[in-house]
Amino acid sequence: MTTRAEFFAKIRGELQKKPALFVASTAARPEHPVAQADTIRRELAERWPATLEKFRVEFERVAGVFHRVASLDDVAPAIESIAGERGARELVSWHAASIAGDGLSRALTARGLGVHAMPAGEAADAAERARLRAVTARADLGLTGVDLAVAETGTLVLVSGAGRPRSTSLLPPCHIALFDRAALVESLYQVGVFLEAWHGDGTPPGTGAVVNFITGPSRTADIELTLTRGVHGPKEVHAIFVDGGLRG
Amino acid sequence: MRDRARAIKEATLQRLDHHLERLVGNIERLGGHVHYAANSEEARRIVVDIARRADARMAVKSKSMATEEIDLNEALEREGITPVETDLGEYIIQLAHERPSHIIAPAIHKTKGQVAELFERELKRPVEADPEELTKIARAELRQKFLQADIGITGANFAVAETGTVVLVTNEGNGRMVTSLPRVHVAVMGAEKVVPSMTDLMVFLAILAKSATGQKLSVYTTLVRGPRRAGELEGPEEFHLVLLDSGRIAQLGGPLREALSCLRCGACLNVCPVYRQIGGHAYGHTYPGPIGILLTAMLEGTQSVKELAHASSLCGACADACPVRIDIPKMLIELRREVDDRKIAPWVERVTFKLLARVLTRPVLYRLAARVGRVLQRPFVRDGAIGRLPLFLGDWTRTRDLPPVAARTFQERWAAERERAR
């Protein structure tokens, strides 16, 4: 087997033969990503309505379903109507602290939905983990928060971590994502700034190993180039924007 | 944008050792393991060992040209581990026991009727030949496999050195399944695919999606940093990255260096007149199309493309379509020269083309040859083509027809027309 030392020695040897095809540099990284991320948030506090509108257009273009409600109290009725139209009964969700607090779960339960909130941390044992996976795989709806909503591409960025399982937005056939203006960004470049900040001195929204970019429902065109949805991931993605904010 | 992307790639290659060391350091710090494979054989052995140590019986795979390149599936099967391709197109061709014909749409050569037949054979029940219905069936079948599998095997579209992140881009979501549900995740990646930072990555995500499928961004981009973290409910307990050389590293200082910037988007396939005529399987190697010829030469040596090097009209459409501006035609010409210089082609072919060059540059000889050829070809012309030549010349016509010399050449007709017009 090749060792690390051999592998790198070979690379260095070859690089000496031909140091460059042309003078080139990598992308200019933000010097102070944490400060720059704050600046992006501050500037968007002014012009978020235009950014939200752009997000809506792009999100709908990738077959996402956009909803807008005035306050947190209006979220449960919106979810109830999504569930009603699809005959959905079972909902699995991120831990309440990672979305909008306990009130929402109670309101959804009161409206007759079976709500299965994921734990705030790891499962106690393998059996419990298997049970939670089975619950998620059976659920009709998966409810999550959103860490960044990207207007340029209609993308939802979700960071995994404690109370934010990866499978909530993946296994159920319908994904519902809640967000407010704190999540809005304009461009992929700005996403890069936030990622640099989270990986640097900033505080990431989740401490898990995975960051997912979700741009519309799962799709394939592998059979005769015919577009079909929901091959592995959700067939539907809903984004609910809460004007009054998720933290009340 | 294209120049910027290419500049980032070139700058990264210039310090590939530095960026790879950062990547490796970060992955190990996160609790992941990095392995080094000089060739396919080593890569197979590494992955099979990981699977065996994990007591794996079933492996789910998301679409990966790298694992296709190293013939991983056969190696797993020999060890009693069932590999399941989960990209819908790959799943279809796995059921058909075939190879992908396109980098992005591997089963593009199958009709829905053929797919339905394959599913019927697999499920032993009637299946409707409707893409929507077939997709639904594949979802149900493969969902079970995702939940049962012990190990998930992926390629990697990129890896970010600064953060130790492996990046997977899919439209179906199988990349997410494979990296979240099984207890072990192995990613196999060519060593040239590293990018320095998240800022660089953002540039590439946009151009990859646009060039591959015309989307602004693919549906799922999954950034994976090592195994499951404390506090996480799910995710693999083990994470492995296999860095693959297989001729790539030698090209850092070689004539095919530009091809190391390839993102595997497939744009050059879609615009190539040769690819569109002959399809991906005709290339006979893992990577089809114009870039595939260069990659095959890189991975398997110039000898392996002695004929493929000529499977291009040098029209330049590939270079125009390439999102990182790889000058494919220039390298193809260099490859042809190398094939000639190293006398890789059989001597008959070389002598014939030398003679042909003489004849084509001398009008008198050319006219004479046309007349002689017209007589000599008589016994061999069938249905307007020369299908078989005798003796050692038969090698040329074994896989192709030769057009016969016309009854009247253009020169003869031209002379006659001028005579008549006078």
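Let me begin by describing the structure that accompanies this report.

About the thresholds
Residues numbered from 1 in each chain as written. Chains lettered and ligands numbered in written order. Predicted model: local features only at pLDDT ≥ 70, side-chain atom pairs only at ≥ 80, totals over all residues. Heavy atoms only, no water. Pairing = 2+ DSSP bridges. Helix = DSSP H or I, 4+ residues; strand = E, 2+ residues; numbered from the N terminus. Axes fitted to C-alpha atoms, helices over the stretch in contact; angles between N-to-C directions. Contact = heavy atoms within 4.5 Å. 1 Å grid on protein atoms, 1.4 Å probe; cavity = no way out; pocket = protein on both sides within 12 Å on 5 of 7 lines; lining within 4 Å. Points joined across faces, edges and corners; volume = space filled by probe spheres on them. Nonpolar A, V, L, I, M, F, W, Y, C, P; charged D, E, K, R; others polar. Salt bridge = Lys/Arg side-chain N within 4 Å of Asp/Glu carboxyl O. Buried < 20%, exposed > 50% of the residue type's maximum accessible area, 1.4 Å probe, protein only. Buried area = accessible area lost by both parts, 1.4 Å probe. Polar contact = N/O pair within 3.5 Å; in protein donor to acceptor, adjacent residues only side chain to side chain. Core = buried A, V, L, I, M, F, W, Y, C linked by side-chain atoms within 4.5 Å.

### Notes on the sheet that holds strand β3 (residues 82-85) of chain B
An order of β1-β10-β7-β4-β2-β3 (chain B) is seen for the six strands of this open sheet, with the pairing classed as parallel. What marks the edges here is a single partner per strand, and that holds for β1 (33-37) and β3 of chain B. Ignoring which end each strand starts from, the neighbouring axes of this sheet average 20 degrees apart. Strands β1 and β10 (238-244) of chain B of the sheet are contacted by helix α1 (residues 4-17) of chain A, whose axis makes an angle of about 60 degrees with β1 of chain B. Contacting β2 (58-61) and β3 of chain B, helix α8 (residues 131-148) of chain B runs over the sheet at an angle of about 120 degrees to β2 of chain B.

### A closer look at empty space enclosed by the protein
Residues and elements named next belong to chain B. Applying the stated rule across the entire model yields six cavities of 30 Å³ or more. Computed from the structure, the largest cavity encloses a volume of approximately 100 Å³. Lining of the largest cavity is provided by 15 residues; of these, C262, C265, C268, C322 and P323 occupy positions nearest its centre. At three residues, the largest contribution of residues to the lining of the largest cavity is made by helix α11 (residues 267-271). Looking at side-chain class alone, the lining of the largest cavity contains 13 nonpolar, one polar and one charged residues.

### Thoughts on the pattern of salt bridges
All names here are of chain A. Enumeration according to the criterion identifies 44 salt bridges over all chains in this entry. Between D243 and R68 there is a salt bridge, and its shortest N-O distance comes to 2.8 Å. A residue pair is termed long-range when its members are at least 10 positions apart, and D243 in the segment after β12 (236-242) and R68 in strand β1 (residues 65-69) qualify at 175 residues. Judged by its relative accessible area of 29%, D243 falls in the partly exposed class. Its salt-bridge partner being R86, residue E236 comes within 2.6 Å of it at the nearest N-O pair. Of this pair, E236 sits in strand β12 while R86 is found in helix α3 (residues 75-86), placing the two residues 150 residues apart along the sequence. Classification of E236 by relative accessible area gives partly exposed; the value is 23%. Owing to a relative accessible area of 34%, R86 belongs among the partly exposed residues under this scheme.

### A closer look at the interface of chain B and chain A
Facing 98 residues of chain B, the contacting portion of chain A comprises 83 residues. Both sides together, the interface formed by chain B and chain A hides about 7,700 Å², and carbon and sulfur atoms give 59% of it. There are nine salt bridges connecting chain B and chain A. The salt bridge involving K10 of chain A is made with D245 of chain B; its shortest N-O contact spans 2.7 Å. At the surface where chain B touches chain A, the tally comes to 48 residue pairs in polar contact (both at pLDDT 80 or more). The sheet contact formed by strand β9 (residues 210-214) of chain A and strand β9 (residues 220-224) of chain B spans five bridges and is antiparallel. Note on β9 of chain B: the bridge partner recorded for V211 of chain A is L223 of chain B.

### Some details on the nonpolar core
Of all hydrophobic cores here, the largest spans 99 residues; its most connected members are F213 of chain A together with L20, L201 and I291 of chain B. Element by element, the count of residues in this core is highest for helix α10 (residues 198-213) of chain B, at 10 residues. In contact with L20 of chain B, other than residues within four places in its own chain, are F7, F8 and I11 of chain A together with A191, V194 and L243 of chain B. One finds A88, I99, L104 and L143 of chain A within the second-largest nonpolar core, a separate group that totals 43 residues.

So yeah, pure geometry; function would need other evidence.
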